[in-house]
Amino acid sequence: MNVQTDLQLPKPEPLLGRRGWAAFLAALIVVGAVAPALHLWMPAGSALHLSDYLLGLLGKFMCYAIVALAIDLIWGYTGILSLGHGLFFALGGYVMGMYLMREAAGPGALPAFMGFLDWKELPWHWALSGSFTATVLLVLVVPGVVAGVFGYFAFRSRIKGVYFSIITQALTYAAMLLFFRNETGFGGNNGFTGFKTLLGHSINAPAMRVLLFAASGLALLGCLLLARWLTLAKYGRVLQAVRDAESRTMFCGYDPLPYKLSIWVISAMMCGLAGALYVPQVGIINPSEMSVGNSIEMAVWTAVGGRASLVGPIIGAFAVNGGKSWLTMAAPESWLYVLGALFIGVTLFMPGGLIRLPGQLRQWRDRRRAQAAPAARPNAAVSRQPSGARA
């Protein structure tokens, strides 16, 4: 007798739930309408006015949040700790900076630092820097190619764990030393600065500031949706399987190399996009953005917010950089000590990060109640006994 049973597969999880879409639309409205209106239409003396400084600061924080989200994909969901994502962030920034320097110099002229070095023509790698369309493409392509070449040899050689982290540090440090050299054509230790226009419009005009702020916010929301889609798909489940048990994943017939390499490249391209949006808002890019300390700080944003949560790293980027902005004015010599203590404290006492802190506190409360309950029961039983029984 054959018994047929219908196998009920679980329904695919939606990209965002009802609350998720509501929060997403609210963030979209704030970025695209509320913040620009507060900056452009509210008088400077009003309490609701969004100042130039605060607008630029929030725009910079959103670029940092994209980087934290990119690190979450490679570290939180794939288990690969990178301490070199500052390189990809800086590469995107340099590509945008090259375009801005060409615009500042004017048609047919060389950037100012090249005239100082007595150069007569543009280096070969500046060939496409005069085109905004090519710049937008190279912002993604250059970090992606560098990450792809490095990642292919690293992952194919089965380098993982702390060894991979150290190699990414070495790669970033080597690139920083290269960009410090004047003969490379990247402005040496001064980098690129003195930007004047973007697409023919003043980069310091209020409308341009608002446009860059809105572009940063839309890019962050777009990257969040992309990351959510990747992690919910079968692709994301394989990434998490590689993170938890790479050998077992291989025994199940999955080759980890294409999965690790592809998410590594996607993560690098997201950082390049963040760097390109960052540079016009801060007005400078130099090799210090590739420093090892900056890359470590980027990993701290993700750890503080909460790995493998997507929203957590965004919270972490805003929280850490908000604290940094305040503390570097109040006590600038203390920031590095606070950052180190923060990372150690999160690792020891908040492994889930800020995003999971409420749940962790509830578990701690329930555990305390469970421990207190057995001690209270004998006392209650004794108090209910009749007086004759005690005698």
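Residues numbered from 1 in each chain as written. Predicted model: local features only at pLDDT ≥ 70, side-chain atom pairs only at ≥ 80, totals over all residues. Heavy atoms only, no water.

Asker: Explanation requested: the state of the cysteines in the structure shown.
Answerer: When the sulfur atoms of two cysteines share a covalent bond, that bond is a disulfide. One pass over the full model with this rule turns up zero disulfides. Its sulfur unpaired, Cys 63 is 10 Å from the next cysteine sulfur, which belongs to Cys 223. The cysteine Cys 223 is free of any disulfide, with Cys 271 supplying the nearest cysteine sulfur at 9.4 Å. (Disulfide = S-S within 2.5 Å.)

Asker: Can you walk me through the environment of Thr 78 in this structure?
Answerer: Within the secondary structure layout, Thr 78 lies in the loop between α2 (52–76) and α3 (85–105). Dropping the residues within four chain positions of it, Thr 78 is found in contact with Leu 73, Leu 239, Arg 243, Lys 260 and Ile 263. Among the polar contacts listed, one links the side chain of Thr 78 to the backbone oxygen of Leu 73, at a separation of 2.9 Å. (Helix = DSSP H or I, 4+ residues; strand = E, 2+ residues; numbered from the N terminus. Contact = heavy atoms within 4.5 Å. Polar contact = N/O pair within 3.5 Å; in protein donor to acceptor, adjacent residues only side chain to side chain.)

Asker: Can you help me understand a nonpolar patch on the surface in this one?
Answerer: On the surface, a nonpolar cluster with roughly 610 Å² of combined accessible area is contributed by Leu 137, Leu 140, Val 141, Val 145, Val 149, Tyr 152 and Phe 153. Structurally, Tyr 152 is set in helix α5 (residues 132–156). Owing to a relative accessible area of 32%, Tyr 152 belongs among the partly exposed residues under this scheme. (Patch = residues over 30% accessible without salt bridge, like charges linked within 9 Å, V, L, I, M, F, W, Y side chains within 5 Å. Areas by Shrake-Rupley, 256 points an atom, 1.4 Å probe, with all protein chains shown as cover. Salt bridge = Lys/Arg side-chain N within 4 Å of Asp/Glu carboxyl O. Buried < 20%, exposed > 50% of the residue type's maximum accessible area, 1.4 Å probe, protein only.)

Asker: Teacher, can you tell me more about the pattern of salt bridges here?
Answerer: The full count for this structure, using the stated rule, is seven salt bridges. Across the pair Glu 246 and Lys 260 runs a salt bridge, and its minimum N-O distance is 3.3 Å. Remark: Lys 260 occurs in helix α10 (residues 256–282) and Glu 246 occurs in helix α9 (residues 246–251); sequence separation between them is 14 residues. Across the pair, Lys 260 and Glu 246 agree in class, each one buried. The salt bridge partner of Lys 324 is Glu 297, with a shortest N-O separation of 3.3 Å. Within this pair, whereas Lys 324 is found in helix α12 (residues 311–330), its partner Glu 297 is found in helix α11 (residues 292–305), the two being separated by 27 residues in sequence.

Asker: Where do I start with α11 in this structure?
Answerer: Along an α-helix, residues three or four positions apart point the same way, because every turn accommodates 3.6 residues. With 14 residues, α11 ought to run about 20 Å at 1.5 Å a step, and its terminal C-alpha atoms sit 21 Å apart, in line with that. The element α11 is largely enclosed, with a buried count of 10 among its 14 residues. Looking at α11, one finds that the buried residues are Ser 295, Glu 297, Met 298, Ala 299, Val 300, Trp 301, Thr 302, Ala 303, Val 304 and Gly 305. Its buried side turned inward, α11 meets α2, α3, α6 (162–180), α12 and α13 (335–349). Gly 306 occupies a position one or two residues after α11 and carries a positive phi of about 125°. (Expected span 1.5 Å × (residues − 1).)

Asker: Would you mind going over the packing of α5 against α10 with me for this structure?
Answerer: Packed helices, taken two at a time, are described by their axes: the angle between them and the distance between them. Look at α5 against α10: their axes get within 8 Å of each other, and the N-to-C directions meet at 150°. Classed by the angle they form, the pair α5 and α10 counts as roughly antiparallel. For the pair α5 and α10, the crossing hand works out as right-handed. Where α5 abuts α10, its residues Val 139, Leu 140, Pro 143, Gly 144, Ala 147, Gly 148, Phe 150, Gly 151, Tyr 152, Phe 155 and Arg 156 lie against Leu 257, Lys 260, Leu 261, Trp 264, Val 265, Ala 268, Met 269, Gly 272, Leu 273 and Ala 276. Classifying every residue of the contact of α5 with α10 by side-chain character gives 15 nonpolar, four polar and two charged. (Axes fitted to C-alpha atoms, helices over the stretch in contact; angles between N-to-C directions. Parallel < 35°, antiparallel > 145°, perpendicular 65-115°, else oblique. Left-handed = near helix turned anticlockwise from the far one by under 90°. Nonpolar A, V, L, I, M, F, W, Y, C, P; charged D, E, K, R; others polar.)

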